[in-house]
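Tertiary structure, described
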Amino acid sequence: MSRLRKLAGFALAIAATIGLQVDFAAAQDTGTIRGRVQEAATARPLSGAQVYIPELDRGGLANASGEFLLPNIPAGTYTVTAEMIGYSRGEAQVTVTAGEVAITSIQLSQQAISIDEIVVTGTAGAVSKRTIGNSIATVDAAAMTERTAISTLTELLQAKTPGLTLLPNSGTMGTAADMRIRGAGSLINNSPVIYVDGVRFNDGGIGTFTPSGAGATAFSGQTTSALANLNPNDIESIEVIKGPAAATLYGAEAANGVIQIITKKGSVGQQSLQWNARFEYGANDWDLEIPDNYTVCNEAKIAAPGTWPGCQGVTPGTILRGNPLRDDPAALRSGMVRKQALSLRGGGEAYSFYIAGENVDEEGVFFNNSDERRSIRANFSLQPSDVLDFTVTSSYNRGMLRLPVGDEAAQGMLLSAFRGRPGRITGDSLNAGWATTRAEQANSYDNSTKSDHLTLGATANYRPFGWLTNRVTVGLDYTSSLAQILSLPGSTDADYAGTPDGFVAQRVPRTYIYTVDYVGNANFDLNEDVSSTTSVGFQYNYRHFESIYASGTGLAAEPLTQIDLAQLTRGSNSYSDAKSLGLFLQEQIGWKNRLFVTGAVRMDNSSVFGDDIEQIFYPKAQVSYVMSEEPTFSNFFDRIRVNEFRLRGAWGQAGQAPPPYVATQTYTAGRVVLGESVGSFLRTLAYGNPDLEPERGSELELGFDLSAFDNRLGLELTYYNKTMDDVLITRPIPASTGWVSSRYVNLGKTKNTGFEVLLSGSILETPRFAWTSDLSIATNSNELVSFGDPSLEVLSVSGASYSPGYQQHRPGYPLAGFWVPSVQRNADGTPVMNGAAVALTEARFQGPAVPTKEISFSNTFTLFRDFQVFALFDYKGGHKVFNYKEYNRCRFQDNCARMADPSNVDPVTGEVLNPEVYVWRQVPYAYLEDGDFIKLRDLSLTYSLPQNLVQRVGANAASITLAGHNLALWSDYSGLDPEVNGYGNRSFVRADVYAVPMIRRMTMSVNLSF
Amino acid sequence: MRLNNRIRGRLGVLAIAAVALAGCDDLLSVENPGAIEPEELTNPQYTQLMVNGVIGEFQNFFAYTSMYSSAFTDEFRNHHVYFENRDIDMRDVGTSNGTYVIYVWNTMHRSRFMSDSIASRLTTLLADSASSDLRLARVYAYGGLTYTFMGENLCEVPINMGPGNSPQQVFDMALPRFENALAIATAGRQVGVQRANEGMIASADSLIALAHVGAARAALNNGDFATAIAHAEAVSPAYVSPEDEGFTFWASFEENVFNLPMWQAIATEAGGGNRWLSVLYTPFDSLQDPRIPLVQKTIMNAELTQEGGPLVPNAPSSYSTHDGTVEGADVTRSTDVRIASALEARYIIAEAEGLNAENLAFLNERRAIGNKDPLVAPSADEYMAALRTERSIEFFADGHRLGDLRRYDSLYPNRTDNTWQTGPYPGSTTGEVYGTQTCWPVPLSELEGNPNY
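Residues numbered from 1 in each chain as written. Chains lettered and ligands numbered in written order. Predicted model: local features only at pLDDT ≥ 70, side-chain atom pairs only at ≥ 80, totals over all residues. Heavy atoms only, no water.

Looking only at helices and strands, one finds 15 helices and 8 strands in chain B. Along the longest, intermediate and shortest principal axes, the C-alpha atoms of chain B span 115 × 65 × 40 Å. In chain B, once contacts between residues fewer than 6 apart in sequence are set aside, the share between residues at least 24 apart is 68%. Carbon and sulfur atoms make up 53% of the accessible area of chain B, which amounts to about 17,000 Å² in all. (Helix = DSSP H or I, 4+ residues; strand = E, 2+ residues; numbered from the N terminus. Contact = heavy atoms within 4.5 Å. Areas by Shrake-Rupley, 256 points an atom, 1.4 Å probe, with all protein chains shown as cover.)

What follows is the structure, encoded as structure tokens:
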């Protein structure tokens, strides 16, 4: 922490030097404005509110106690404004007398929706929402991180925005979630593009070895994401640009939407330093009930004392129960959560800065699962003149992630526990009750990844004339990891990997992403009523990836884990380059500042298309109409107490380029043994497809924004219809050609339609009690319209080793829906039997694999000004989950509850008493269940300490927060958690295959501001 | 004036955009250090790389096919927990069985394509010298072997998205490749003699023998006994006795390059968590023969095994680490596997000619290695049955068994020995039975992508 302070001091010194030069001219005929920004209803201080004097172009940020200070203000009378996300703009008239301090107070009322909210759109400068024809969701990240126990960006985004779906896959600490906006339209990639302060951010994996429990051999499992390197506490706000209608300006990779992350910054003109310290401690726990495993001791088991010691001395039919996951103290733990964060904000006449550092230590519920992150961020802004300003953003994160054995690996803790049978010994007598390895052995698995993530960005805004704005951003996002898997000689993992003498492997992947972005805006008024904004821009992105892998088998001794000392060494490397360039031209015509029509076209080029570089065009058109400001309608809206009403519509296209090199036919080389020597040999590599084009997303979006009852009720309703043409499908090359691979072809068409509703209300506002609430509803209807190839009727989702062919792409149905047979039933509901086999129907559509309905409901209660309670409920449903774990238990292990139920199977004779047993034993599809659930995602209580108490310790404000994440689950699903997916590293495959359920996190945090 | 400024501003940004566009070809150029484009293969400096491509792809497919075909036939019992491996053992291979498609079907076709395309490229590249260049002879010989394996293993063989060829058609395609190899290698040998180049002569002799064994094998599979005998008798050095078995030709593997895949399946060193093949429930279980040394080893999915583990082979006689003892020596990652031999040529003669004094003496000589009593005045059927059984031991787990069983079905349909495993699948608790497949099916990827299906 002392290093952080030194760095902050150094930065301050630089900033002060710059600032002093500019402040030198401060005149003596000035005074100071001191004030406070408060919530109107409760008088609660509003930290982070932006205070501004438009006449002077001066401003600052309110500190944690809502106070602000504006010095060196020339004598005179001014209108001071204050703004904050979620509040209507507040104003106060202040008269400044030379040499004196003017005191003022600005009250902000909660405003559910504001059409004048400023957003980032891809053009230069900030833009008011009223001019845009599409919906843009804004997440007030700063407020959310203050009052919840969230730990990552994906948790921050979870259930915050209608249309943005987070599929978290696993509760293993450090594993990644899938992110989809308005459904899946592509078969190869549905992740949105991430920008942080205008710089493209790496959202790929950090190069972790797939945790398989067998050395470096990869089973499927979970994946990781560099997004975890982004410190949520550094984020001011997040804007979600949902689809092609809005993302045209982002071009060839924006068809899945764009997420703009805006980090915290200081405010030019801010004169006081704001220190903020946050200390958070708590625990991650497995709070779900662990089901028992069952053994029915029959005569055969009683007669096998070597295998079934637990069945000795009991009568036939005795039922044993237990689960080593619960019974073995080495299996689960209460993982520690420890976070310390320190930030400093400040500014002067012409500069501002934000410096922050954070230390996060989190442990998962497994003893070998932990995530440590150290991050530092320094953002500087300099405004040497009214026409020019610079912002430099920088962040560095160092992570150390340790992962347990993969969920579905044979040596995985959960697989071994849930396949375990009480009273049975498999191999080692210490393994009693476990199916494969015991907890102690699983815990010895050593898979770690150190990662470094550096993001640098510089933005210059140049306004040579009042009507012309230019913005240039250059940036680099650099990720480097050192992943290691270590199996010491004699360890269980070494034995399973077939390397009993030990094994060590290291991988060093590096990703460089360069961003160059220029946008120019020219504004002028054609006449009093009609305005014009012309925007021109270009973007250049360069993504370079390289990775080196080395492994050593056979370690001479435990301490000697260096690869080159091993008996057998191997090495390899990989490399890829992708570049894209785009240009756009946009024209927006405004009429009386209430009707805006926008048209744009973008042209893209990409290196992915090989030698035949193509130019691809994407058009867009938008209209936004603030009806409530139309004199014809204003009386009507006043009568129905609607303050603002805006109609909007947008249509646009955006693309998605295929992965690098896939257009070109290539050979490569390998190593071959030629008798006594080793040589190189030629191999086919990629068949290529020179005719490839990008996937083209088109979207029509219609909706309205409404603010009513003195802005206390807000409603945003949006309908979208998004299609994806030229969908890239990997088609296997018939191996008879000799080219053993698949290639991308532009074939299919997909469609996503749905509604998004965001209802925000300030339900009650009294000085002692206030209640605000947000209800978000999103639906998604996903459909594969066509394969584009009449000969192709079904495409099974690949990679589903435990549910082969269950998920299929079929025209007219959702992508990767479940297509399996149903059990044929007699009139009395019993299964139809063909001899000993259960009769099944033909495969039929059973339901989608991902949620189609999402509802989030959040409430904030403010009590007696100083207490705040926040609760977020999250519903997802309309989909199916394949409970493979239970299927395996009942079908193969014979250890599930229903098989041990004496009313189903006679425990002595083994006679089947309930015909459903045949279904449970034979039909995997019987374990396809409704996946609907409700979770209490976040619950927190924040207490703001009294000002007089806080000031005694020299602070401006202090608060204590008790917060919980994933606190409760309501679901009919019979597995542990319907949210998990054992195939977290696959695009579409979803099944509950021993994935770790979402764990509960409970923390207490203290916030101090100085 | 104000408008002029605006226009100048707009022209400025458009100029920047135009400059960016004009230079975009350079801006978008990328490197791919791991790839060669096809047009570069006309460069003579890649000749050896291309020849090695044929050898490398062959050795790759041969190693995997030998292993999975062993599981498919009665040579091995699967213990792998993965259902695709179990389906292979049960001869119930679905058209989307990825394990089979990736390791058998795909690798075979890759080898076939490489040998055919490189033969074509080399013929052009070498011009006049092609007719005596041993590199081209080697490419043809490996090509012929690949076709022979395809005919033995696959139900149908489409070539370059053509219609499916029957095994007989594929064996017919193999023979001209062997003939080309023989002609070129013979010419190359002459060049070696002229140049007094001993290395070249030895290499040519080896290729000639390889081509003869391959041609004999293809002809035998087609029931063309005369051609089979002619080629088998031309193999030099010929089989003389167990102490002097004559010509051998090997597929080579090395620990740090391309492991012999069978290592993980059966080797002691591989570890019990990975071993997945045993001879449990096969005709080779409890065999006491040094050519297939068997020992107990712990194995994957211990639920199916008896105390101490089932019997698992150490290196059989086609493997380079074979040591001739009953306990045997372990298979290693670097164990080589015999592809062709004078011993095989002798077996081909013994099968094609049938029972005669020489062949009976040969059979009894081989039976003696396994401590079996000599056959005395056997009937023709008894002789053939014993020959088939002995052959199954001599060429255990080296890629012969599936082709042999199919040939027996074709040529000796009424036999009662060396048949397919049928009936209940051992260890099944749900009444599963062995499937009826006798060859690897055409996979879904081919059925969907090949317009001839």
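The next thing to look at is the packing of helix H13 (residues 380–394) of chain B against helix H14 (residues 401–411) of chain B. Residues and elements named next belong to chain B. H14 packs onto H13 with a crossing angle of 165° between their chain directions and a minimal axis gap of 10 Å. With respect to H14, the axis of H13 lies roughly antiparallel. For H13 against H14, the interelement crossing comes out right-handed. On the side of H13, the interface is formed by Arg388, Arg391 and Ser392, while H14 contributes Arg401, Asp404, Arg407 and Tyr408. (Axes fitted to C-alpha atoms, helices over the stretch in contact; angles between N-to-C directions. Parallel < 35°, antiparallel > 145°, perpendicular 65-115°, else oblique. Left-handed = near helix turned anticlockwise from the far one by under 90°.)

Residue and element names in this part refer to chain A. Along the chain, Asn981 turns up in the loop between strand S50 (957–971) and strand S51 (1000–1009). Overall, the relative accessible area of 0% leaves Asn981 in the buried class. Only 2.9 Å separates the side chain of Asn981 from the backbone nitrogen of Ala991, close enough to count as a polar contact. Each residue touching Asn981, except ones within four places of it in the same chain, is listed here: Asn169, Gln222, Val989, Arg990, Ala991 and Ala995. (Buried < 20%, exposed > 50% of the residue type's maximum accessible area, 1.4 Å probe, protein only. Polar contact = N/O pair within 3.5 Å; in protein donor to acceptor, adjacent residues only side chain to side chain.)

All names here are of chain A. Read from one edge of the open sheet, 3 strands run S4-S1-S7, paired in mixed fashion. Since the sheet does not close on itself, it has two edges, and those belong to strand S4 (67–74) and strand S7 (101–108), each with one partner. Neighbour-to-neighbour, the strand axes of the sheet open up by a mean angle of 25°, direction not taken into account. Looking at chain direction, strand S1 (residues 30–39) and S7 are connected through 8 bridges and run parallel. Within the sheet, the bridge partner assigned to Gln38 lies in S7 and is Gln107. (Pairing = 2+ DSSP bridges.)

A cluster of nonpolar residues, Phe864, Phe867, Leu941, Ile960, Leu962 and Met1004 of chain A, forms a patch on the protein surface that exposes about 510 Å² of accessible area. Secondary-structure assignment places Leu941 of chain A in strand S49 (residues 933–944). (Patch = residues over 30% accessible without salt bridge, like charges linked within 9 Å, V, L, I, M, F, W, Y side chains within 5 Å. Salt bridge = Lys/Arg side-chain N within 4 Å of Asp/Glu carboxyl O.)

Here we come to the interface of chain B and chain A. Taken together, the contact pairs 72 residues of chain B with 71 residues of chain A. Carbon and sulfur atoms supply 60% of the area buried between chain B and chain A, which totals about 6,100 Å² over both sides. The tally of links between chain B and chain A comes to 2 salt bridges. Note that Glu448 of chain B is salt-bridged to Arg731 of chain A, the shortest N-O span being 3.7 Å. Summed over the shared surface of chain B and chain A, the number is 19 residue pairs in polar contact (both at pLDDT 80 or more). Those elements that place two or more of their residues in the side of chain B that touches chain A are helix H1 (2–22), helix H2 (24–27), helix H3 (47–72), helix H5 (98–126) and helix H15 (444–449) of chain B. With 11 residues, the top contributor of residues to the side of chain B that touches chain A is H1 of chain B. (Buried area = accessible area lost by both parts, 1.4 Å probe.)

Right, let's talk about the nonpolar core for a bit. Core analysis: the biggest nonpolar cluster contains 132 residues, and Leu682 of chain A together with Tyr100, Phe247, Met262, Leu277 and Trp440 of chain B have the highest contact counts within it. In contact with Leu682 of chain A, other than residues within four places in its own chain, are Tyr667 and Thr668 of chain A together with Ile36, Leu41, Leu49, Met50, Gly53, Glu57, Met114 and Ile118 of chain B. Residues Ala331, Leu784, Ala849 and Val989 of chain A belong to the second largest nonpolar core, which totals 56 residues. (Core = buried A, V, L, I, M, F, W, Y, C linked by side-chain atoms within 4.5 Å.)

Where helix H9 (residues 225–233) of chain B is concerned, the buried positions are Ala228, Ile229, His231 and Ala232 of chain B. Along its buried surface, H9 of chain B packs onto helix H7 (167–195), helix H8 (198–221) and helix H11 (342–353) of chain B.

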